[in-house]
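Observations on the three-dimensional arrangement
Letter by letter, the chains look like this.
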Amino acid sequence: MRKGLIGILIGAALSLSAPVLAEKPSFDEYVTGLKQEGSAKGIDAQLLEQAFDGIRYRERAVKADRNQPEKRLTLDEYIPRAVPDWKVKKARRLYDEHYDDLKRIGEEYGVQPRFLVALWGVESNFGALTGNFNVVEALTTLAYDGRREAFFRKEVFSALTILQEGHIAPNDMKGSWAGAMGQCQFMPSSFISFAADGNNDGKKDIWTSKPDVFASSANYLKNAGWDDEYTWGRQVKVPEGIGKEMSGLSQDKAKTLAEWQAVGVRRMNNATLPDVDIKAWLIQPDDEYGRSYLVYGNYQSLMKWNRSHYFAIAVSHLADRIKHG
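Please read all numbers here as calculations on a predicted model, not as lab measurements. (Residues numbered from 1 in each chain as written. Predicted model: local features only at pLDDT ≥ 70, side-chain atom pairs only at ≥ 80, totals over all residues. Heavy atoms only, no water.)

Once that is clear, we can look at the side chain of N125. Note that N125 resides in the loop between α8 (113–124) and β1 (133–134). With relative accessibility at 15%, the residue N125 sits in the buried group. Aside from chain neighbours lying at most four places away, what touches N125 is W86, K87, K90 and W120. (Helix = DSSP H or I, 4+ residues; strand = E, 2+ residues; numbered from the N terminus. Buried < 20%, exposed > 50% of the residue type's maximum accessible area, 1.4 Å probe, protein only. Contact = heavy atoms within 4.5 Å.)

What follows is the structure in structure tokens.
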């Protein structure tokens, strides 16, 4: 009897000390919470109803977020796939077709037009692949999923702000499974910070207005430190003995081209490096046995857009092909 009483008392004590786990709300309840917070942030009540009307939990978005491809191609494999000859041909045609807008916008923001076309081509195949997810639905799904709730919840409210400013209608706000939008694939927070009106119609339309796409991309790069006096860098040959300890994008790894020349780095045709007083970083995205590049500050700007060497090199390679064929 005494043992039974002790057991009951111990069980009661444990139950009192154990943390009470809050039951996760349903998706609909979560949406209600977002609406309430949106209202508190000043989002119009009617717009909130329109933006969240009929949205549902999109399992596809969650699976895409959790199942990023694990197999990584080498740059020798990746570049021909990311920048095939047909894409180069199309890029050069579109560069010529939109040159007046590209030249005007490039001069305004200080970005060479070929890089704007290259970003356009790599991000969305020149606007052909922008995603067909309802952006508010995709972002709400990923916020509710919880893996990166704070990030995606913030993006939900950025998307609502864009709608409230009238840049696009709720039903037309389409994007990728992760909520990246339009022909330059901006997340909503990037749109708020960098989207620009390239055709002076009062809207920032990165979905259908090519001048707005170019101006938004140029504004992003300008704010990321782009300098149109220079290019991005170049592929180089490095002598044996130069490896991981000298490569990387941290400030302590920067050297002048003269200093890289002195340790034996050369152009791919074995010619000397340019006689230009500029800082450069050695990168070897695969390993010391793969491709090596010397990159400048503009490459660092591309890495702020997307923290992937493969992305930045694809954009840079396409920009060079637009210029040199």
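Still to come is the rest of the account.
Once that is clear, we can look at the sheet that holds strand β7 (residues 292–295). On the basis of which strands lie adjacent, the open sheet formed by five strands has the order β4-β6-β7-β3-β5 and antiparallel pairing. Here the strands that pair on one side only, and so sit at the sheet edges, are β4 (255–256) and β5 (266–267). Here strand β6 (residues 279–283) runs beside β7; their pairing, made up of three bridges, is antiparallel. The residue of β7 that forms the bridge with L282 is L294. (Pairing = 2+ DSSP bridges.)

Here the focus is the pairing of strand β3 (residues 233–237). Note that β3 and β7 share four bridges and pair antiparallel. Paired with V236 across the two strands is S292, which belongs to β7. As judged from the two bridges shared by β3 and β5, these two strands associate in the antiparallel manner. Bridge assignment links K237 to a residue of β5, and that residue is R266.

For the rest of this paragraph, the subject is the pattern of salt bridges. Under the criterion given, the structure shown has 14 salt bridges. Residue R58 pairs with E137 through a salt bridge whose shortest N-O separation is 3.1 Å. One end of the pair, R58, is in the loop between α3 (45–52) and α4 (59–66); the other, E137, is in helix α9 (residues 135–145), and 79 residues separate them in sequence. Take R58: its relative accessible area is 14%, and that puts it in the buried class. Classification of E137 by relative accessible area gives buried; the value is 7%. For K103, the salt bridge goes to E107, with nearest N and O atoms at 2.8 Å. Separated by four residues within a single helix, K103 and E107 lie in helix α7 (residues 99–109), roughly one turn from each other. Using a relative accessible area of 36% as the deciding quantity, one classes K103 as partly exposed. Because the salt bridges share partners, they merge into one network encompassing E37, K41, E149 and R153. (Salt bridge = Lys/Arg side-chain N within 4 Å of Asp/Glu carboxyl O.)

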